[in-house]
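# Structural description and commentary
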Amino acid sequence: VQLQASGGGLVQAGGSLRLSCAASGQTSSAYAVGWFRQGPGKQREFIGGIRWADGRPYYGESVMEGRFTISRDNAKNTEYLQMDRMTPEDTAVYYCAAAAVLRSKWSIDTAYDYWGQGTQVTVSS
């Protein structure tokens, strides 16, 4: 499975951005696709994802305070991360990743087998 994340860029605080994660190749091998982010000087942080096997979304505990929503377009094999009311603390490289099998825990990066290249998001104050 190959993943291509896109949609990053510069946005002002309070604004919105939608990231895309397009899957190609053996997409039937993707059991779930999740999103992570890594801000400057910070550890990678889990955001959430969707279990492609049954379409069920899952989110991290904070769910970015309800500002982030994950969705999927089955026909396009693409998953989206909608980010609203953004703050400078959302500045990070955002990654999507695919898991090939069911995992007991989705919030750790070792649960995922394939990673996209990341897309930079910068939020200005």
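Residues numbered from 1 in each chain as written. Predicted model: local features only at pLDDT ≥ 70, side-chain atom pairs only at ≥ 80, totals over all residues. Heavy atoms only, no water.

### Quick notes on the state of the cysteines
Where we set the bar: Throughout, disulfides are identified as pairs of cysteine sulfur atoms within 2.5 Å of each other. Secondary structure elements follow DSSP: runs of H or I no shorter than four residues count as helices, runs of E no shorter than two count as strands, and numbering proceeds from the N terminus. Each residue is assigned to one of three classes by its accessible area relative to the maximum for its type, calculated with a 1.4 Å probe on protein chains only: buried under 20%, partly exposed between the two thresholds, exposed over 50%.
Per the stated rule, a full pass over the model turns up one disulfide. For Cys21, the disulfide goes to Cys96, at an S-S distance of 2.1 Å. Between Cys21 and Cys96 the disulfide shows an S-S torsion of about 80°. By sign, it is right-handed. With Cys21 in strand E3 (residues 17-24) and Cys96 in strand E9 (residues 92-99), this residue pair connects regions lying 75 residues apart in the sequence. A single burial state applies to Cys21 and to Cys96, both of which are buried.

### A word on the layout of surface pockets
Heads up, the rule is: Cavities and pockets are defined on a 1 Å grid built over the protein atoms alone: a cavity is a set of grid points where a 1.4 Å probe fits but cannot escape, while a pocket is an open set with protein on both sides within 12 Å along at least five of seven lines, and lining residues are those with an atom within 4 Å of any such point. Grid points are joined across faces, edges and corners, and a volume is the space filled by probe spheres set on the points. Gly is put with the polar residues, along with every residue not named as nonpolar or charged; the nonpolar set is Ala, Val, Leu, Ile, Met, Phe, Trp, Tyr, Cys and Pro, and the charged set is Asp, Glu, Lys and Arg.
Of the volumes computed, that of the largest pocket is approximately 160 Å³. Lining the largest pocket are 10 residues; nearest its centre among them are Phe46, Tyr59, Gly60, Glu61 and Ser107. Looking at the lining of the largest pocket, the elements that each hand over two or more residues are strand E5 (45-51) and strand E6 (56-59). Among the residues forming the lining of the largest pocket, the class breakdown is five nonpolar, three polar and two charged.

### Examining unusual backbone geometry
Phi at Asn77 takes a positive value of approximately 50°, unusual for a residue other than glycine. Note that Asn77 resides in the loop between strand E7 (68-73) and strand E8 (78-83). Taking relative accessible area as the criterion, Asn77 reaches 23% and is therefore assigned partly exposed. In the Ramachandran plot, Arg85 falls in the positive-phi region, its phi being about 45° despite a non-glycine side chain. For Arg85, the location among the structural elements is in the loop between E8 and E9.

### Describing the pattern of salt bridges
Threshold: Within this document, salt bridges are pairs made up of a side-chain nitrogen of Lys or Arg and a carboxyl oxygen of Asp or Glu, the two lying within 4 Å of each other.
Taken as a whole and assessed by the stated rule, the structure comprises six salt bridges. For the salt bridge of Arg67 with Asp90, the shortest nitrogen-to-oxygen distance reads 2.7 Å. Here Asp90 lies in the loop between E8 and E9 and Arg67 lies in the loop between helix H1 (63-66) and E7, a separation of 23 residues in the sequence. For the pair Arg67 and Asp90, one class covers both residues: buried. Among the salt bridges present, the one from Asp113 reaches Arg103, with a minimum N-O distance of 2.9 Å. One end of the pair, Asp113, is in the loop between E9 and strand E10 (114-115); the other, Arg103, is in the loop between E9 and E10, and 10 residues separate them in sequence. A relative accessible area of 37% means that Asp113 is categorised as partly exposed. When salt bridges that share partners are traced, they join Arg37, Glu45, Arg67 and Asp90 into one network.

### With respect to the pairing of strand E4 (residues 32-38)
Filter applied, for reference: Between any two strands, at least two bridges found by DSSP are needed for them to pair.
With six of its seven residues buried, E4 lies for the most part within the structure. Where E4 meets E5, six bridges bridge the pair, whose relative direction is antiparallel. Within E5, the position partnered with Val33 by the bridge is Ile50. Both E4 and E9 contribute to a ladder of seven bridges, which runs antiparallel. Directly across from Val33, in E9, lies its bridge partner Ala98.

All we've got here are geometric facts, nothing functional implied.
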